[in-house]
Structures are given as C-alpha cells and as structure tokens.
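# Architecture and fold: a report
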Amino acid sequence: MFNPVSCTAMAPLQLGIFGAGQLGRMLAQAALPLGIRCVFLDAVNQSPAAALGPVFSPDDMHAFVGQRRLFTLEFENIPLSSIDALPEAATIFPPRAALAITQNRLLEKSTFDALNIPVAPYRAVHCLTDLQNAADQLGLPMVLKTATGGYDGKGQYVVKTAHDIARAWETLGTHGPLIAEGFIHFEREVSVIAVRAQTGDIRYWELAQNHHHQGILSHSVVPAPNIETLTPIAQQYMQQLLEHLNYVGVLTLELFVTPEGLLANEMAPRVHNSGHWTIEGAVCSQFENHIRAVMGLPLGETDLIKPCVMVNIIGQYPKREDILALPAAHLHDYEKEERPGRKLGHITLMPPKSEELPALIKQLIPLLPDALALK
Ligand code: ATP
Ligand code: MG
C-alpha cells in the first residue's frame, strides 16, 4: 500500500535570477519541471516573472541571496556592483568577465577582433571631433550607438548625411562612450544560439533568420533558409567565443549575412528573443538548457523538431481566442501592460507540414494589431 510517510521528495534546487522580465519568466517555466525553483531580483514592481516566484527589490539583496549559491541573469545590463555584492561562496553564470565585455560594445568589438571574427568597421567616439573623423574614415551612412545600455535599437542614430553629424552628437553625446559603425547593407540577419555546460560540452540550435521593424525584432524564421554553408562558420565563431570567455550558459551571436560572408553584430550573454521558438521547436529549449548548464546538469538535445516561425506581439495584444483558433499556434502572453514598441508576448507557428507555414502567417497577420513587418 502507498505510504506517504516513507515517500521522500527530492528537495527543490534554488536558483537566483537577476531580472524578472519575460526571459526570467520563461527560464523559471523551464526550471519548474526539473524541480528547480527560481527567485528574482528586479527594481520593477509588476514583473512578468512574479507569477513564477518571489521578486525581491534591489534594497532586499540579503533576502534574494538567502542560502542560495547559484545565480544567473536574464538581462546583461545589471550593474556589476550587484554581482560583486554576492557572497564569496556564491557562483554566477555566465561568468562576470563575459558580462563586463557584453555590457560594452567597444569591449565586445575588440573581443571579436582578438578572435579574428569579422565585424563592421568601427571607431570609438568620445567627442564631436571623433565623430567627424569617424564619418570621414567609415563614410556615410554610419550608425552611432551608445557603447552601453542599448537594447531594441534604443541608443542608436543612423547618420545619413553630414548634416546629421551634429544632431547625432546632440542626441547621444551625453550618453557616455559611443561607437560609430559603418552601415552594413546586409542581405539578411541571422543569429546562432548555443549553450556551454560546466564540463565544456557545447550544443548549438539551428540558425534563425531575424526580421526587424523599427529596430525591434518582429519575427524569426527557423531554420534560416539557405544557411548550410554559413552554419559551420557561425558555429565556429560561437565556439571560439564560448571557450575564450570560459562561458557557462546560453550565448547568442547576432550576425549580418553579406556577400562577403558573415559579420558579427553583437552578442548577448543570455537566452534571446530569436530563440523563443526553441520552446516548442527544439527537443530542449534555450531556457531549459540554460538552467541545466547553470545548475551543473547534463545538457539536452538541441535538434529542431519542425520548421517554425516565431512572431513577437508588440505594443498591443491580439485577441487570445483568435490566436488559439489558428491551427498549430502557440501563444506566450507575458502579462505586460500594453505600450507602443513593447514586447508583450510571442506566438510560435509550427504546423505539422512546413509547407503550411506561409498560409498560417497570412492568417495571423490580420489578427495582430502591430504586424507591419510581417506584411
Ligand atoms: P537588439 O536588442 O534588438 O539586439 P540592440 O539595441 O542591441 O538591438 P543592435 O543589434 O546593434 O542593437 O542593432 C539593432 C538593429 O539595427 C540590428 O539588428 C540591425 O538591423 C540594425 N543595425 C545595427 N547595426 C547596424 C549596422 N552597423 N549597419 C546596418 N544596420 C545595423
Ligand atoms: Mg541586436
């Protein structure tokens, strides 16, 4: 007979996550079935991750740390001082050094350079004269970006003509160090996402082709079409980065496809929007494998189950029942307040036959209030 007294459950493992947005939420959703509970640290009051675990404010670092020994993050722009405030016995993955580099586009670019990973030509900009010199050397158009703190295309200015130079400086000159990049007339954008375990084991997911609208990721197509010859090169860049950084966890590398080959745009030391398709589309998702890597567990297989398209819900929610009435549509609602340009959720379309994808996308477009880039 079943005797509940003699039945001892495995004690849940605990993981602290810096940040409590949708990435933290999806990390915790993946952690739960593995018997891993997450707690979060975030300054924002109403967080998407709050449904999955307690959210501590930065004033309550002590409670956030508690007895926990393992930490990770959902957002690279957390202050390094917060990481330094962790007790000595605590471990954070990805490693601090990887964060310091990915928080600064100039350090990131010099890391790519050191590993011979090709990038757009660039110049550091600290004053208006630097910016003028950059325009002379790189030519116009060029993209001026803040070296730190940018996301979703924020903190960027496309300098199209000589008249824009002073305006670009006025707009971004007070935002700390800047980087000017040659404007790349790329054919398309792709990303490679990989995970590295504490043992050094590395797994890669299929490359995604990413489409942006007004600087924000609109949708990702997986696998990226005609990518066979570029995949080994992207994976080689990724392996170099992972090993150079002695990395543990998920790392994303955004790449421009040009007639001359791949150029690295930037990397993100975390799970990435262009990898959300892995929840349904891969044997083990980016979220679960990040948890596995950070917790020192064996990695899961990253194979593609079926071609799919991930579409972001931006600014305004569609009707839940309309989306769910579509065949083979998976809805992820982050429970955020609607705001123009804000990522509120995503939908992954994964029909049994991939030939059905274009028709399904056509059905989805009129249901999304903000689907300009899909049209
Ligand atoms: P995200 O958070 O979406 O990754 P971000 O704010 O970190 O964006 P980037 O990835 O550097 O910034 O730039 C956003 C988009 O702007 C790129 O995906 C690309 O479409 C365009 N872009 C950036 N740099 C260049 C460049 N040098 N030449 C042409 N287009 C560029
Ligand atoms: Mg980017």
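Residues numbered from 1 in each chain as written. Chains lettered and ligands numbered in written order. Predicted model: local features only at pLDDT ≥ 70, side-chain atom pairs only at ≥ 80, totals over all residues. Heavy atoms only, no water.

You can read the domains of the protein as domain 1 (7–102), domain 2 (121–182) and domain 3 (188–374). Averaged C-alpha coordinates put domain 1 and domain 2 at centres separated by 34 Å. (Domains from an automatic or database assignment.)

Another aspect to go through is the site of ligand 1. The environment of ligand 1 is formed by 21 residues, the closest being Lys 145, Asp 152, Gly 153, Glu 189 and Glu 266. In the model, a nitrogen atom of ligand 1 is placed 2.9 Å from a nitrogen or oxygen of the Glu 181 side chain. Protein chains bury 91% of the 610 Å² of accessible surface belonging to ligand 1 in isolation. Sorting the residues of the shell around ligand 1 by element identifies β7 (142–146), β9 (178–182), β14 (249–258) and β15 (261–268) as the ones contributing at least two each. Its residues assigned to classes, the shell around ligand 1 comprises six nonpolar, seven polar and eight charged. Counting contributing residues, the shell around ligand 1 receives three or more from each of domain 2 (121–182) and domain 3 (188–374). (Near = heavy atom within 4 Å. Polar contact = N/O pair within 3.5 Å; in protein donor to acceptor, adjacent residues only side chain to side chain. Areas by Shrake-Rupley, 256 points an atom, 1.4 Å probe, with all protein chains shown as cover. Helix = DSSP H or I, 4+ residues; strand = E, 2+ residues; numbered from the N terminus. Nonpolar A, V, L, I, M, F, W, Y, C, P; charged D, E, K, R; others polar.)

The next subject is the side chain of Gln 209. Considering the arrangement of structural elements, one finds Gln 209 in strand β12 (residues 208–213). With relative accessibility at 11%, the residue Gln 209 sits in the buried group. There is a polar contact of 2.6 Å between the side chain of Gln 209 and the side chain of Arg 188. With residues up to four places along the chain from it excluded, the contact list for Gln 209 reads Arg 188, Glu 189, Val 190, His 219, Ser 220, Val 221, Ala 224 and Pro 225. (Buried < 20%, exposed > 50% of the residue type's maximum accessible area, 1.4 Å probe, protein only. Contact = heavy atoms within 4.5 Å.)

It is worth spelling out the sheet that holds strand β8 (residues 156–159) at this point. In space, the four strands of this open sheet follow the order β6-β9-β7-β8, with antiparallel pairing throughout. Each edge of the open sheet carries a strand with a single partner, namely β6 (122–125) and β8. For this sheet, the mean inter-axis angle between neighbouring strands, taken without regard to orientation, is 20°. Note that β7 and β9 share five bridges and pair antiparallel. If you follow Met 142 over to β9, its bridge partner there is Gly 182. Relative to the sheet, helix α6 (residues 128–138) contacts β6, β7 and β9, its axis offset from that of β6 by approximately 170°. Sheet contacts for helix α7 (residues 164–172): β6, β7, β8 and β9; angle to β8, the most-contacted strand, approximately 175°. (Pairing = 2+ DSSP bridges. Axes fitted to C-alpha atoms, helices over the stretch in contact; angles between N-to-C directions.)

Right, let's get into the coordination of the magnesium ion (ligand 2). Ideal values for angles at a metal depend on the geometry: 109.5 degrees with four tetrahedral donors, 90 or 180 degrees with six octahedral donors. Looking at the metal site, the magnesium ion (ligand 2) is ligated by Glu 254 (OE), Glu 254 (OE) and Glu 266 (OE), spaced 1.9 to 2.8 Å from it. One end of the pair, Glu 254, is in strand β14; the other, Glu 266, is in strand β15, with 12 residues separating them in the sequence. Residue class for Glu 254 comes out buried when judged on its relative accessible area of 14%. (Donors = N, O, S within 2.8 Å, 3.2 Å for Na, K, Ca; no water.)

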